[in-house]
Amino acid sequence: MVNKLIKEDTKMFLTGNEVLAYAANSAEAEFMYGYPITPQNEIMHTWCKLLPKTEAGFLQTEDEISAGFSTIGGILAGKRAFTATAGPGNVIMQDAQSMAEMMRIPFVCAVMQRGGPSTATVIYAQQETRLTCYGGNGEGFRVVYSTAGHQDLYDYMIKAFNTAWKYRFPTYVLADGYQGKMREPVVLYDPASRGINMVPATKALLSEGEIGVDRKSAHLRNTYNMEEELMEVLEGYKADYEKMSEEIEEWEEYKAEDAEILVIAHGIVARSARTAIDELREKGIKAGLFRPITIRPLAVKPLRAAVSRAKHLLFTESANGQLAQMVLEKLYGLNTPYSTLFKMGVGVTGDDVVNKVEEIIKEGI
Amino acid sequence: MAEILNLPPNLPKSQNAEVGASKFCPGCGHGITLKALAKAIDELGIQQKTVFGCDIGCSLLSWNYMDLDTVQTHHGRTTPVIYGFTRANPEAIGIAYMGDGGGLAIGAQHLVNAAVRGERMMIVVVNNTNYGMTGGQMSPTTMPGQKTETTPYGRDCSVTGKPAKAAEMVAAIADPSKSFVARSTVSNMMKLKQTFVKALKNVENGGFSFVEVLSICPLNWRTNNEDTFGRLQQMEEFFEVKEFLVPEGV
Amino acid sequence: MARTKIVLAGEGGQGVQSIAKILVEAGYEAGKQVLYIPNFGVEQRGGVSIAFCQISDEKIGEPRFAKGDIVIMLSDRALDRCEAYVDKESTIVYDTSVCTHEPNCECKRVIGIDANRIANEQLSSRVFNIIILGALLEATKVLELSDIKNAMEMALGKKFDAKPELRELNYKALEMGMGLVKESAVHNG
């Protein structure tokens, strides 16, 4: 067991990476495995600095491949373990993540997106959205929460552990370099004070009982001999995932009820969109926001309802339409026209969105 | 009249009786290696606290071969899964079981770093000088001149470099005060078992152990019995069979 | 005041991120909403270092803004790099003793101060950034001097206690920076 540092509501002025380390501690995470890559390093730094107080564990591995696989090892040992990565590290960590998908391992990972492809920038992007949602070979199932600031980082990091351990799908907190590095106030709390009970972590190997007496030895597999055998397993996973989706889907609407122009954005860009919407509303333009929080699974019903009410959609991302691609697929049959404001690896400001919406209106919606 | 003797197979306790004697190709060295390992585990009485990880390749076939808590991993990734486990549960005896490809090619960075950090685990590299499961390609330990699917005219060391010597490499980088490093061979099963006993004892003492096992692959080598063991003898001359590091108390 | 958007830019080593941290810490302690993004590109090592700060009475939405209300530029490269954050509502503060040319973009007001020279000649090169912080405080007028002093105490208190004259030196630098902007206002007016 670890010592929780946050025992009562505590307002702090932190970077997002620091918030994630505190959140993991509040979620009673016992072990972090990690490899340095900007912009997620301070999650590890903070975690390590707190170790004498938390009495948790940490291992700096030789690369993200081993960070991912050793996290799996820790989880199999029955620890609430996690890791964090970004950019090229996220690419090579998919190896372990696909194993977690196949074996239903409650893998928790924070992804602090940076620019790509390749090494690109160490600063910021939303270009790992598709990778984080759909990376890995085969068709694995995972849960991805996209956060929009420090309170989200704290709330959803705690939630990620519970989603992972309750439903046994790898679960991600998808943020970015801005959120990791920026400082803003946040209220840290003991999850119990919000009625959140941590789902117990259980051992997959060396569990209770004696082999040959109380139980058989565990033989955990990710390899199947027959095509049909694989499909049967995956169909079961799919059914579990669909059942779970209804329970965990989250989204946020902001002035979307009567919005004629509906901005669809996730993560930190959704925050810029809110700034823009306030400005547009002051100008008498009926703009609103639909922000998926679980970007996998997407909350399709409320999404389609909001889109149906709008006259025009605006997708905006710090990427070339990764969320848009996922969302558009779910909008099949609707014919609301859409525009895009995509800035690959660059922050979207409120002004950007205001200007784009005004341009759309000028052209006539 | 011939009488059919219906005796139970003489299996070590740590071997899975439900699977039976062998599921490997006829003449494969994995069966001997695993039996020696199971006997060593029995001798030390550590079955209940041992966690066994198997790599991809022929080593994967060991996934339910042992009566041990076992996990399949990915090719080359058994080492990090097992040290991830033993870091989180220091009471456990972790074994990462792999071939020469998993240990020295795709998983080499893990072997190197686990050895340097002195991870509390035993890494077993079963060296049969080729990638067996995928059809017999050249591996880092393929012998000079050896024919494989990717060296059909024999391994040309001027192009591919010389065979990698795992035990020597690990012995050079591991901490001698807490690391057990040895190369053994399937030609002497009792000695192999004794090597595993020492290696596991060292892990129990909190150390890092590495055992390279010279093994045989008659199917991919396309050798008969005599040639198979002839080849193994050549390997034993090329790859020195000995204990490289033996810490105190082992 | 709804929201003040500040861009601070200079060479690595000029202490841009340090004063940005003191500034936002002061805002946070004063009960304002604050948000600070350090530009931590590869440029952090030997390039232009930029800090994006916001201080607001209301909840802050966008983390990155397009144009700054105050844009502080402390080197030629910072001038070139940060014109993009300037529009006709922006106030520019630049260092005349470091920059070899004036900013040449359309803006509301340009304040040139020779903080670097003053620091070297009258105080210490180490408090160059604190003079800039003083100038920023005066140019934005969103925080009180006492807020900044409190934040400095949080960041540098241990050093101050060890060497009390450092506290005096830093306070002097702050006041000097404020004075430079006041003078410039009188001059402009």
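Residues numbered from 1 in each chain as written. Chains lettered and ligands numbered in written order. Predicted model: local features only at pLDDT ≥ 70, side-chain atom pairs only at ≥ 80, totals over all residues.

All names here are of chain C. At a minimum axis distance of 9 Å, the contact between helix α3 (residues 115-122) and helix α4 (residues 128-140) shows a crossing angle of 130 degrees. For the element pair α3 / α4, the angle class is oblique. Every pair of crossing elements has a handedness; the one defined by α3 and α4 is right-handed. On the side of α3, the interface is formed by A115, N116, I118 and A119, while α4 contributes F128, I131, I132 and A135. Residues of the contact of α3 with α4, tallied by class, amount to seven nonpolar, one polar and no charged. (Axes fitted to C-alpha atoms, helices over the stretch in contact; angles between N-to-C directions. Helix = DSSP H or I, 4+ residues; strand = E, 2+ residues; numbered from the N terminus. Parallel < 35°, antiparallel > 145°, perpendicular 65-115°, else oblique. Left-handed = near helix turned anticlockwise from the far one by under 90°. Contact = placed C-beta atoms within 7 Å. Nonpolar A, V, L, I, M, F, W, Y, C, P; charged D, E, K, R; others polar.)

Listed by partner, the interface residues are 17 residues for chain C and 21 residues for chain A. Elements with a contribution of two residues or more to the side of chain C that touches chain A: α1 (16-29) and β2 (33-38) of chain C. The dominant element in the side of chain C that touches chain A, judged by the number of residues it contributes, is β2(C), at five residues.

So, about the interface of chain B and chain A. Chain B puts 30 residues into the contact, and the matching count from chain A is 33 residues. Broken down by secondary-structure element, the contributors of at least two residues to the side of chain B that touches chain A are β2 (69-72), α2 (78-88) and α4 (108-117) of chain B. Among the elements that line the side of chain B that touches chain A, the one with the most residues is α2(B), at eight residues. Split by residue class, the side of chain B that touches chain A holds twelve nonpolar, 13 polar and five charged. In this sheet, β2(B) lies alongside strand β9 (residues 219-220) of chain A in parallel orientation, the contact comprising two bridges. Each bridged residue has a counterpart across the sheet, and for A:H219 the counterpart in β2(B) is B:T70. (Pairing = 2+ DSSP bridges.)

A word on the arrangement of the chains. Between all two pairs of chains that are in contact, chains A and B come out with the most contacts. At the C-alpha level, the nearest point of chain B lies 27 Å from chain C, with no contact between them.

Right, let's talk about the domain arrangement of chain A for a bit. All names here are of chain A. Looking at chain A, the domain boundaries give domain 1 (10-194) and domain 2 (252-363). Elements supplying a minimum of two residues to the side of domain 1 that touches domain 2: α5 (129-134), β6 (143-146), β7 (171-176) and α7 (177-181). Ranked by residues supplied to the side of domain 1 that touches domain 2, first place goes to β6 with four residues. Looking at the side of domain 1 that touches domain 2 residue by residue, the classes come out as eleven nonpolar, nine polar and three charged. (Domains from an automatic or database assignment.)

The next subject is the sheet that holds strand β6 (residues 208-214) of chain B. Strand order in the open sheet formed by eight strands is β9(A)-β2(B)-β1(B)-β3(B)-β4(B)-β6(B)-β5(B)-β7(B), and the pairing between neighbours is mixed. If you trace the sheet from one side to the other, it starts and ends with β9 of chain A together with β7 (243-245) of chain B, each paired once. Here strand β1 (residues 50-54) of chain B runs beside strand β3 (residues 93-99) of chain B; their pairing, made up of five bridges, is parallel. Among the inter-strand pairings, B:G53 is bridged to a residue of β3(B), identified as B:A96. Sheet contacts for helix α7 (residues 189-204) of chain B: β3, β4 (121-127), β5 (179-185) and β6 of chain B; angle to β5(B), the most-contacted strand, approximately 165 degrees.

What follows covers the sheet that holds strand β2 (residues 31-34) of chain A. Residues and elements named next belong to chain A. Pairing in this open sheet of seven strands is mixed, and the strands run β3-β2-β4-β5-β7-β6-β13 from one edge to the other. Of all strands in the sheet, those bounded by a partner on one side alone are β3 (57-60) and β13 (294-296). Neighbour-to-neighbour, the strand axes of this sheet turn through a mean angle of 25 degrees, independent of strand direction. As paired elements, strand β5 (residues 108-113) and β7 share six bridges and run parallel to each other. Across the sheet, V111 pairs through a bridge with L174, a residue of β7.

In this section: the environment of A:E184. All names here are of chain A. With respect to the helices, strands and loops of the structure, E184 is situated in strand β8 (residues 183-188). Judged by C-beta crowding, with 24 C-beta atoms within 10 Å, E184 ranks as buried. It is 8.3 Å that separates the C-alpha atoms of E184 and G149, two residues lying 35 residues apart in sequence. (Buried ≥ 20, exposed ≤ 12 C-beta atoms within 10 Å, placed from the backbone.)

Moving on: the pairing of strand β4 (residues 81-85) of chain A. Residues and elements named next belong to chain A. Of all five residues that make up β4, five are buried, and the element is covered over most of its length. Alternating residues of β4 divide into A81, T83 and T85 and F82 and A84, and every residue in both groups is buried. As paired elements, β2 and β4 share two bridges and run parallel to each other. Residue pairing for β4: M32 is matched across the bridge by F82. Alignment of β4 against β5, held across four bridges, turns out to be parallel. Bridge assignment links T85 to a residue of β5, and that residue is V111. A crossover connection joins β4 to the parallel β5 through helix α4 (residues 87-102); in handedness this β-α-β unit is right-handed. (Right-handed = clockwise from strand over helix to strand, strands pointing away.)

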